[in-house]
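# Tertiary structure, described
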Amino acid sequence: LDRIKRNHDLGNLIDRLPEFKENDHYGGPTILNYEIVGDINPCTLLYICNALDIKQMLGTFRPKKIVEIGGGFGGLCKTLSVLYDFEEYVLVDLPDVLALCKKYLDLFPNISKRIKYISCNDVDALSKIDNIGLCIAISSLAECDLQTQRMYSDNILMNSIFGFVLYNTVHTKSGESEFAVLYAEWKEKFHTDIEIPWGKIKYVRLKSKKIFNEGFRKHLLRDFVNMKNTVMTRSVNALKRLVRFPK
């Protein structure tokens, strides 16, 4: 909650709070009372924080396809559905975990038909995921060995426009060195931003260089055309005043 209060407009939280709290309707979660938000499950509050961090990173971009590596029980997917009307949300995890995700998310018919489940063992299917607007990996990559992390990175993250990674190296001795390998590769493809809020937790935000460099060039061209049209319009108006053309 402190992170939300510090980094985000509380209006975005309060306006959608009843929808966010739908995550607490099933499974008998532990409910605690917090200032501002009232009664809520701590995990739901964490998902809200993640979702608002992602929204801040994306700005006006609205992803049509989201891929989440490590789906948990589907809570972040449900939370993001409050903020984004995505066309497809792909969950990648172990088969038993995906079964839990499906059981939970099927309770929400408004999004369940837009969710696709891919086993992490199906490398062929993972390699065929395309048109990824946003890839999410929250505390999931560091649970795998480096070879598996690079498989996810090469097949999914590197083919995304945006990436949001929470890299947790608390539980592994090789975590820091493995993260350094991945981060060096990501910097070749993405504009990167990294935040270390505490300990060995890293928030990494990625924006595709190609997409945003092209977008910047288009932005400059649009501004040039607008400026040129403005100058021409003013010149024509000045000539009209000089020669007193009839209106």
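Look a little higher up for the structure.
Since the model is a prediction, treat every value here as computed from it, not as a measurement.

### Here's the deal with the overall build of the protein
A count of helical and extended segments in the protein gives 11 helices and 9 strands. Looking at the protein as a whole, 42% of its 247 residues are labelled buried. If you take every contact in the protein between residues at least 6 apart in sequence, the share linking residues at least 24 apart comes to 65%. Summing over all exposed atoms, the protein offers an accessible surface of approximately 13,800 Å²; the carbon and sulfur share of this is 55%.

### A closer look at the sheet that holds strand 9 (residues 201–208)
The sheet built from 7 strands is open, its strands ordered 5-4-3-6-7-9-8 with mixed pairing. Each of the sheet's edge strands pairs with one partner strand only, and the pair in question is strand 5 (115–119) and strand 8 (190–198). Averaged over all pairs of adjacent strands, the angle between their axes in this sheet comes to 15°, without regard to strand direction. Alignment of strand 4 (residues 88–93) against strand 5, held across 5 bridges, turns out to be parallel. Residue pairing in the sheet places Val90 in a bridge with Lys116 of strand 5. Each of strand 7 (160–168), strand 8 and strand 9 is contacted by helix 10 (residues 175–189), which is oriented at about 150° to strand 8, the strand it contacts most.

### Re the pairing of strand 3 (residues 65–69)
The buried fraction of strand 3 is high, at 5 of 5 residues. Side chains of strand 3 alternate between two faces, with Lys65, Val67 and Ile69 and Ile66 and Glu68 buried alike. Taken together, the 5 bridges between strand 3 and strand 4 define a ladder with parallel strand orientation. The partner of Glu68 across the bridge, within strand 4, is Leu91. In this view, the connection linking strand 3 to its parallel neighbour strand 4 by way of helix 5 (residues 75–83) has right-handed handedness. Judged from the 3 bridges that link them, strand 3 and strand 6 (residues 132–138) form a sheet pairing that is parallel. Bridged to Val67 within strand 6 is Cys135.

### Observations regarding the nonpolar core
Counting 40 residues, the largest nonpolar core has Leu13, Leu80, Tyr89, Leu134 and Ile136 as its most contacted members. Taken together, the elements giving at least two residues each to this core come down to helix 3 (17–20), helix 4 (42–58), helix 5, strand 4, helix 6 (95–105), strand 6, strand 7 and strand 9. Counting residues per element, this core draws most heavily on helix 4, which supplies 9 residues. Among all residues touching Leu80, those that are not within four sequence positions of it are Ala51, Ile54, Phe86, Tyr89 and Ile136.

### Here's the deal with the pattern of salt bridges
Opposite charge on two side chains makes pairing possible when the charged atoms of those side chains draw close. Enumeration over the complete set of coordinates arrives at 14 salt bridges. Across the pair Asp130 and Lys65 runs a salt bridge whose closest N-O atoms are separated by 3.4 Å. With a gap of 65 residues between them, Asp130 in the loop between helix 8 (123–127) and strand 6 and Lys65 in strand 3 connect regions that are remote in the sequence. The class for Asp130 is partly exposed, based on a relative accessible area of 42%. For Lys65, a relative accessible area of 14% gives the class buried.

### A word on helix 5
Among the 9 residues of helix 5, 9 are classified as buried, and the element is accordingly described as predominantly covered. For helix 5, the set of buried residues is Gly75, Leu76, Cys77, Lys78, Thr79, Leu80, Ser81, Val82 and Leu83.

### Digging into the environment of Gly72
Within the secondary structure, Gly72 sits in the loop between strand 3 and helix 5. Under the relative-accessibility criterion, Gly72 is labelled partly exposed at 36%. A C-alpha to C-alpha distance of 9.3 Å links Gly72 and Leu91, two positions 19 residues apart in sequence. Dropping the residues within four chain positions of it, Gly72 is found in contact with Asp93, Val97, Leu100 and Cys101.

Each value, and the rule that gives it
Residues numbered from 1 in each chain as written. Predicted model: local features only at pLDDT ≥ 70, side-chain atom pairs only at ≥ 80, totals over all residues. Heavy atoms only, no water. Helix = DSSP H or I, 4+ residues; strand = E, 2+ residues; numbered from the N terminus. Buried < 20%, exposed > 50% of the residue type's maximum accessible area, 1.4 Å probe, protein only. Contact = heavy atoms within 4.5 Å. Areas by Shrake-Rupley, 256 points an atom, 1.4 Å probe, with all protein chains shown as cover. Pairing = 2+ DSSP bridges. Axes fitted to C-alpha atoms, helices over the stretch in contact; angles between N-to-C directions. Right-handed = clockwise from strand over helix to strand, strands pointing away. Core = buried A, V, L, I, M, F, W, Y, C linked by side-chain atoms within 4.5 Å. Salt bridge = Lys/Arg side-chain N within 4 Å of Asp/Glu carboxyl O.

It is worth stressing that arrangement in space is one thing and function is another; only the former is reported here.
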